[in-house]
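If you want the building blocks of each chain, they are given just below.
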Amino acid sequence: MVRILSSIRIAAPAFVLTAALAGCADQPTRDSYVVFFDRDSVSLSPVAQAVVTKAATAARNEHAQSIRVSGSAGMNGDPAVLKELADSRAQAVATQLANDGVNGAKIEIKPEPETTIDASHVALRRVSITITPGL
């Protein structure tokens, strides 16, 4: 009995995490998406790629007028390095959107306006996608 309870205790977090991620995947389309990158990386993880693909599908389905891709540079560290990292990440997202069938002429890479979240560590790893639906 103790062995069974130990197994459940070890496996329970994985079951909860899987259920939570599955719940996120089933959400309806929306006009705003956030893509997170691993620390110091400009490569899309499988989860990040899935978010971009979902955004691309929404953009195509809504006949998007424009898609804004904004990387956050954050405020903690060398501003030039952070800007280059944010720009590279935004470009990776824009490239994936185009690979997923979004018209490249509709994709705009713009700097993310500074917000209070830029002081956090999360800001160093995020790219926002904002879809302007077509008329």
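Higher on the page you've got the structure.
All residue numbers refer to position in the chain's written sequence, counted from 1. Reporting of local features is limited, given that this is a predicted model, to residues whose pLDDT is at least 70; pairs of side-chain atoms are given and counted only at 80 or more, and all residues count toward the totals for whole chains, interfaces and linings. Hydrogens and water are ignored here; the side-chain numbers use all heavy atoms of the structure.

Enquirer: Provide a residue-level description of the overall build of the protein, including the pertinent values.
Expert: By the criteria applied, helices consist of DSSP H or I runs no shorter than four residues and strands consist of E runs no shorter than two, each listed in order from the N terminus. Within the protein one finds 3 helices and 4 strands. In the protein, the order of α-helices and β-strands from amino to carboxyl end is α-β-α-β-α-β-β. Throughout, exposure labels follow a simple rule: accessible area from a 1.4 Å probe, protein chains only, divided by the maximum for the residue type, with under 20% read as buried, over 50% as exposed, and the rest as partly exposed. Going through the 135 residues of the protein one by one, you find that 27% of them count as buried. Put simply, of all contacts in the protein between residues at least 6 apart along the chain, 80% involve residues at least 24 apart. Surface exposure of the protein reaches about 8,500 Å², of which carbon and sulfur atoms provide 61%. Contact between two residues is taken to exist if any of their heavy atoms lie within 4.5 Å; hydrogens are not considered. Surface accessibility follows the Shrake-Rupley procedure with a 1.4 Å probe radius. Residue values consider only the protein chains on display as shielding.

Enquirer: Lay out helix α3 (residues 79–99) with the relevant residues and their values.
Expert: Between the first and last residue of a helix there are one fewer steps than residues, each counted as 1.5 Å, and that sum is the expected span. With 21 residues, α3 ought to run about 30 Å at 1.5 Å a step, and its terminal C-alpha atoms sit 30 Å apart, in line with that. Within the span of α3, buried status applies to Leu82, Leu85, Ala86, Arg89, Ala90, Val93, Ala94, Gln96 and Leu97. Among the structural elements, β1 (32–36), α2 (46–61), β2 (66–71), β3 (107–109) and β4 (126–132) are those in contact with the buried residues of α3. Of the residues trailing α3, glycine 101 is marked for its positive phi of about 100°.

Enquirer: Lay out the pattern of salt bridges with the relevant residues and their values.
Expert: Whenever Lys or Arg places a side-chain nitrogen within 4 Å of a carboxyl oxygen from Asp or Glu, that contact is recorded as a salt bridge. The full count for this structure, using the stated rule, is 2 salt bridges. A salt bridge links aspartate 40 to arginine 39; its shortest N-O distance comes to 4.0 Å. The exposure classification of aspartate 40 matches that of arginine 39, with both residues exposed.

Enquirer: Describe the environment of threonine 95, naming the residues involved and giving the relevant values.
Expert: By the secondary structure assignment, threonine 95 is in helix α3. Spatially, the C-alpha atom of threonine 95 lies 9.3 Å from that of isoleucine 107, the residues being 12 residues apart in sequence.

Enquirer: I'd love a proper account of the pairing of β1, names of residues and values included.
Expert: A one-sided burial pattern is seen for β1, the buried positions being Tyr33 and Val35 and the unburied ones Ser32, Val34 and Phe36. At least two DSSP bridges between two strands are required for those strands to pair. Sheet topology places β1 next to β4; 5 bridges connect them, and they run antiparallel. Looking at β4, one finds that serine 32 is bridged to threonine 130.

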